[in-house]
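One letter stands for each residue in the lines below.
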Amino acid sequence: GYRKQLARPYLTDQAAEDELVAEAYERMKYEVRASHILISVDENASPEDTLKAYNTIKELRTKALRGEDFGQLAKQFSSDPSAKTNAGDLGYFSAFRMVYPFESAAFNTPVGEVSDVFRTQFGYHILKSVDKRANRGEVKVAHIMIEEREDATPQDRAANQEKLQQLVQSLNDGTSFEEMTKFSDDKGSAKNNGELPWFGAGQMVPEFENTAFTLSNKGDVSKPIQTMYGWHIIKLLDRRGIPSFEDS
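Computed from a predicted model, the values in this text were never measured in an experiment.

Undergrad: Sorry, what's going on with the layout of surface pockets here?
TA: Left-over empty space is what a probe sized like a water molecule reveals as it rolls over the atoms. Reported here for the largest pocket is a volume of approximately 530 Å³. Mapped by element, the contributors of at least two residues to the lining of the largest pocket are helix 5 (83-86), strand 2 (89-93) and helix 10 (206-214). Counted by class, the lining of the largest pocket contains seven nonpolar, seven polar and six charged residues. If you add up the space inside the second largest pocket, you get close to 240 Å³. In terms of lining, the second largest pocket is formed by 15 residues, of which the most central are Met28, Arg97, Asn135, Glu138 and Ile242. Class assignment of the residues belonging to the lining of the second largest pocket gives a composition of six nonpolar, five polar and four charged.

What follows is the structure, given as structure tokens:
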């Protein structure tokens, strides 16, 4: 153990480490949006299976470069189950949200272009860079949720609308947001006045995330919005930008 401790400084490439840290911070300044196609292949797959997966993804890249719709290709061929509903669109994300090879491909591919084939522990990928924007930082919010499943009956939906209207009316009449969180179906956050942890791009469903970031001032409350989980009313508690290089 002592020998390992003595050897560690000599086995660390400090220059390479500093370069990676600087790269990560530079990427943190931005959020990228990408769509991807995955062809799964195990890291220990046979050469034959590996080659088959590689040739498949390479053929799909050729189709995308020829102008075939990337989203349709993702729906039809991607091994990522979510592609059936989101056409491979991963939304916005910043550094540290994806495995490093995927992150690098997303940040290094110009907007509108298709990446080269690359591999992660999940298999072979290609991605299309959709957009790149300045990092919006993070927000802290509280919410009141009325759960509504996709298979909810018309009666359930009507009851939820009535409950939602009552919540809105109570807030308009001056009842505090904190008081109304006791009616939230998100019992975990309701114990803490509806508060959720800090979050940034790609950590919440898009409808929730986008609404939270449109709230400008601390204390602002959104109109009801719908997500795959149900209905939400969101209150902005705080926001912050990315930290300085020295603090990150």
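Undergrad: Please explain helix 3 (residues 47-65) as it appears in this structure.
TA: Residue pairs three or four apart in sequence face the same way in an α-helix, which turns once every 3.6 residues. Between its first and last C-alpha, helix 3 extends 27 Å over 19 residues, near the 27 Å set by a 1.5 Å rise per residue. Every buried residue of helix 3 is listed here: Thr50, Ala53, Ile57, Leu60 and Ala64. Buried positions in helix 3, seen along its axis, are confined to an arc of 95° and lie on one side of it. Away from the buried face of helix 3 by more than 90 degrees, exposed residues Pro47, Glu48, Lys52 and Leu65 are located. Residues of helix 3 that are buried make contact with strand 1 (30-40), helix 4 (70-77), strand 3 (118-120) and strand 4 (123-134).

Undergrad: Teacher, can you tell me more about the nonpolar core here?
TA: Side chains of a nonpolar character, in soluble globular proteins, are inclined to be buried together. Of all hydrophobic cores here, the largest spans 14 residues; its most connected members are Ile37, Ile57, Leu60, Phe70 and Ile126. Only strand 1, helix 3, helix 4 and strand 4 provide two or more residues apiece to this core. A per-element tally of this core places helix 3 first, with four residues. In this structure Leu60 touches Ile37, Ile39, Leu73, Phe77 and Ile126, once residues within four positions along its chain are discounted. Ranked by size, the runner-up nonpolar core spans twelve residues in total, among them Phe208, Phe213, Leu215 and Ile225.

Undergrad: Sorry if this is basic, but what is going on with the sheet that holds strand 7 (residues 230-240) here?
TA: As a general point, the strands of a sheet are linked pairwise by backbone hydrogen bonds and lie either parallel or antiparallel. Judged by pairing direction, the sheet is antiparallel, and its three strands sit side by side in the order 5-7-6 without closing on themselves. The open sheet terminates on both sides in strands that have one partner only, identified here as strand 5 (138-147) and strand 6 (225-227). When strand polarity is set aside, the average angle formed by the axes of neighbouring strands in this sheet is 45°. Bridge analysis of strand 6 against strand 7 gives three bridges, and the strand direction is antiparallel. Along strand 7, the bridge assignment pairs Gln226 with Trp231.

Calculation notes
- Residues numbered from 1 in each chain as written.
- Predicted model: local features only at pLDDT ≥ 70, side-chain atom pairs only at ≥ 80, totals over all residues.
- Heavy atoms only, no water.
- 1 Å grid on protein atoms, 1.4 Å probe; cavity = no way out; pocket = protein on both sides within 12 Å on 5 of 7 lines; lining within 4 Å.
- Points joined across faces, edges and corners; volume = space filled by probe spheres on them.
- Helix = DSSP H or I, 4+ residues; strand = E, 2+ residues; numbered from the N terminus.
- Nonpolar A, V, L, I, M, F, W, Y, C, P; charged D, E, K, R; others polar.
- Expected span 1.5 Å × (residues − 1).
- Buried < 20%, exposed > 50% of the residue type's maximum accessible area, 1.4 Å probe, protein only.
- Arc of directions from axis to C-beta.
- Contact = heavy atoms within 4.5 Å.
- Core = buried A, V, L, I, M, F, W, Y, C linked by side-chain atoms within 4.5 Å.
- Pairing = 2+ DSSP bridges.
- Axes fitted to C-alpha atoms, helices over the stretch in contact; angles between N-to-C directions.

Remember that the coordinates give geometry; whether it matters functionally is a separate question.
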